[in-house]
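# Topology and contacts: notes
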Amino acid sequence: MVTPSRIQLARERRGMTSAELARRSGVSPQRLSGYENGRGEPSPATVERIAAALGFPAAFFRADDIEEVPSESVAFRARTKTSKRRQKSVRAAGALAVELLGWLDRRFVLPAPDVPSYGKPEPELAAEMLRARWGLGEAPVPNMVHLLEAHGVHVFSLDPEYDDVDAFSFWRDSAPFVFLSTGKSAERGRFDAAHELGHLVLHGHERPLTGPEAEREANAFASAFLMPRADVLARVPAGAQVDQLLKAKGVWRVSAMALAYRLHDLELLSDWQYRSVCRELAELGFRNGEPGGIARETSQLLAKVLRRLRDNGVTPARIADELHIPTAELAKLMFGLTPTAQPGADAPDPEPRRPVGLRIVR
Ligand SMILES: [Zn+2]
């Protein structure tokens, strides 16, 4: 039996319309639409054709029903700029990540989620409250991905082709998920991670996630979370010059532009000084990139998981196989940490033993 939701998900993941899939698979649009809506059962040969056209193993389409990530639960940065089709594709990646998490959850004791839903306070205050709750004080955050993982946020990566999406996040039941594009500078990636954390904390399950107001709040949260007011005031003099700013940005591991914005926000730069600093930074190439930037942050949890699995003879190829997804899909979600498969390296035991605890150092 084929699972209708899985045909739709794979098609959306590939950014294909029904007409396109019909053309590529040689199955009529009417029959395809029927299969996606649970009317009619394709023959094994037809499933093979659909699978080949979508680049998913045929077994993917026969597995259990898969829950889509609802559009309204996703905070897309620039919803208006991103086409519906691309939004569906990244949401489909999100649904695959939920599947992957379920697989990992049966084998490992993952850190429990500790992400409060504040809802009411101003972003600056929410950032301070969360810092206090997580015991961060006023100290810079060495690694945003590790910090999120230590507090039970499931962090996955998006392939760089989705550079118009940057990042997105959602709650699935009580589990927070964050997806980060790997196409931007590392500093931008950190800001994106803090921005999505802002959505999770400020917009929780109830308040609308989209629109300029939610974006403004998430940005303000990220800025305050990464660059705590007291720490910035203690370290950066009023009216700082570009060279001072470029030295200081390394403290908080943020982009020069993000620090300039924060300094202006904290009234350490006047309107005029801020504009002139931005102009100078743009001339130095800091608008579209981060010259001399830091190394990209990556998942500590997924790296540990992969190492443990490998020690037990379980390769990424087998994880992909058990999830019935292409290995490339797995690699895209896992920050490219999965090396190319070595055939024959798998041990014969596919069953989980006792779930293994993981310690995540933030
Ligand atoms: Zn956002």
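Residues numbered from 1 in each chain as written. Predicted model: local features only at pLDDT ≥ 70, side-chain atom pairs only at ≥ 80, totals over all residues. Heavy atoms only, no water.

### Some points on the overall build of the protein chain
To be explicit about the condition: Per the convention used, a helix needs a DSSP run of H or I reaching at least four residues, while a strand needs a run of E reaching at least two, with both numbered from the N terminus. Throughout, the radius of gyration refers to the C-alpha atoms, and the reference size of a globule is 2.2 Å times the residue count to the power 0.38. Only protein chains enter the area calculation, which uses a 1.4 Å probe; residues under 20% of their type maximum are buried, those over 50% are exposed, and those in between are partly exposed. Two residues qualify as a contact provided that any one of their heavy atoms is within 4.5 Å of a heavy atom in the partner residue. Computed by Shrake-Rupley with a 1.4 Å probe, the accessible areas treat only the displayed protein chains as cover when residues are assessed. For the purpose of counting charges, residues Lys and Arg are taken to be positive, whereas Asp and Glu are taken to be negative. His and the chain ends are not included. To locate a charge, the coordinates of NZ of Lys, CZ of Arg, CG of Asp or CD of Glu are taken.
Counting its regular elements, the protein chain contains 16 helices and 5 strands. Rg of the C-alpha trace for the protein chain: 22 Å, near the compact-globule value of 21 Å for 362 residues, within the 12% margin. With respect to the three principal axes, the spread of C-alpha positions in the protein chain is 70 × 45 × 40 Å. A burial count over the protein chain gives 53% of its 362 residues as buried. Looking at the protein chain alone, contacts between residues at least 24 apart form 72% of all its contacts between residues at least 6 apart. Entry remark: accessible area of the protein chain is about 16,300 Å², with carbon and sulfur atoms responsible for 52%. Of the side-chain charges in the protein chain, 49 are positive and 47 negative, and the distance between the mean point of each set is 2 Å.

### Section: helix α12 (residues 256-265)
Because each turn of an α-helix spans 3.6 residues, side chains separated by three or four positions end up pointing in the same direction. Burial of α12 is extensive: 7 of the 10 residues sit out of reach of the surface. Listed as buried for α12 are A256, M257, A258, L259, A260, R262 and L263. Downstream of α12 by a residue or two, E267 has a phi angle that is positive, lying close to 65°.

### Some thoughts on the coordination of the zinc ion
Here is the rule we go by: Each metal's donors are the N, O and S atoms within 2.8 Å of it, or within 3.2 Å when it is Na, K or Ca, and because water is not part of the set, sites may look incomplete. Every angle between 85 and 135 degrees makes a four-donor site tetrahedral, while opposite donors more than 155 degrees apart, with all other angles between 65 and 115, make a four-donor site square planar and a six-donor site octahedral; other sites are irregular.
Coordination sphere of the zinc ion, protein contribution only: H195 (NE2), H199 (NE2), E215 (OE) and E215 (OE), at 2.1 to 2.6 Å. The site at the zinc ion holds 4 donor atoms, and with the angles between them running 53 to 132°, its shape is irregular. Taken in chain order, the donor set of the zinc ion reads H-x3-H-x15-E. With H199 in helix α8 (residues 186-203) and E215 in helix α9 (residues 212-226), the pair connects residues that are 16 residues apart, well separated along the chain. When its relative accessible area of 1% is taken as the criterion, H199 is described as buried.

### What about the packing of aromatic side chains?
One pair of aromatic rings is described through two measures. These are the centre distance and the angle between the planes. To keep things clear, this is the line we draw: A pair of aromatic rings is counted whenever rings of Phe, Tyr or Trp (Trp by its six-membered ring) have centres within 6.5 Å, and the orientation is called stacked for planes under 30 degrees apart, edge-to-face for over 60 and tilted otherwise. Our definition puts a charge over a ring when NZ of Lys or CZ of Arg is within 6 Å of the ring centre and also within 35 degrees of the ring normal.
Counted according to the given criterion, the structure contains 11 aromatic pairs. One aromatic cluster is present, formed by F156, F168, F170, F177 and F179 through successive ring pairs. Across the ring face of F60, the terminal group of R6 is positioned such that the distance to the ring centre comes to 4.7 Å.

### Focus on the domain arrangement of the protein chain
How we decide: Here the bounds of each domain stem from an automatic or database domain assignment.
Split into domains, the protein chain comes out as domain 1 (1-66), domain 2 (71-226 + 298-362) and domain 3 (229-283). A C-alpha centroid distance of 52 Å is found between domain 1 and domain 3.

### As for the environment of F221
As for its position among the elements, F221 is in helix α9. In this structure F221 comes out as buried when scored by relative accessible area, which is 0%. Put simply, F221 and A92 are 129 residues apart on the chain and 27 Å apart in space, counted from C-alpha to C-alpha. Not counting chain neighbours up to four residues away, the residues in contact with F221 comprise P123, A126, A127, L130, A194, L197, G198, V201 and L202.

### A look at the pattern of salt bridges
Heads up, the rule is: Counted as salt bridges are all cases of a side-chain nitrogen of Lys or Arg within 4 Å of a carboxyl oxygen of Asp or Glu.
Counting across every chain of the model gives 20 salt bridges. With a shortest N-O distance of 3.2 Å, R85 and E20 are connected by a salt bridge. Taken together, the residues R85 in helix α5 (residues 84-105) and E20 in helix α2 (residues 18-25) connect sequence positions 65 residues apart. A relative accessible area of 41% means that R85 is categorised as partly exposed.

### Section: the sheet that holds strand β3 (residues 167-172)
Just so we agree on the cut-off: Any two strands with at least two DSSP bridges between them are considered paired. Only the stretch in contact is used when fitting a helix axis, every axis being a line fitted to C-alpha atoms; angles between N-to-C directions are given from 0 to 180 degrees.
Read across the sheet, 3 strands follow the order β2-β4-β3 without closing on themselves; strand pairing throughout is mixed. Two strands in the sheet have a free side with no partner beyond their single neighbour: β2 (154-158) and β3. Averaged over all adjacent pairs, the angle separating strand axes in this sheet is 20°, with direction ignored. Sheet topology places β3 next to strand β4 (residues 175-181); 6 bridges connect them, and they run antiparallel. Within the sheet, the bridge partner assigned to A167 lies in β4 and is L180. With respect to the sheet, α5 is in contact with β2, β3 and β4, its orientation differing from that of β4 by roughly 130°. Sitting on the sheet, α8 touches β3 and β4, and the angle it makes with β3 is about 30°.

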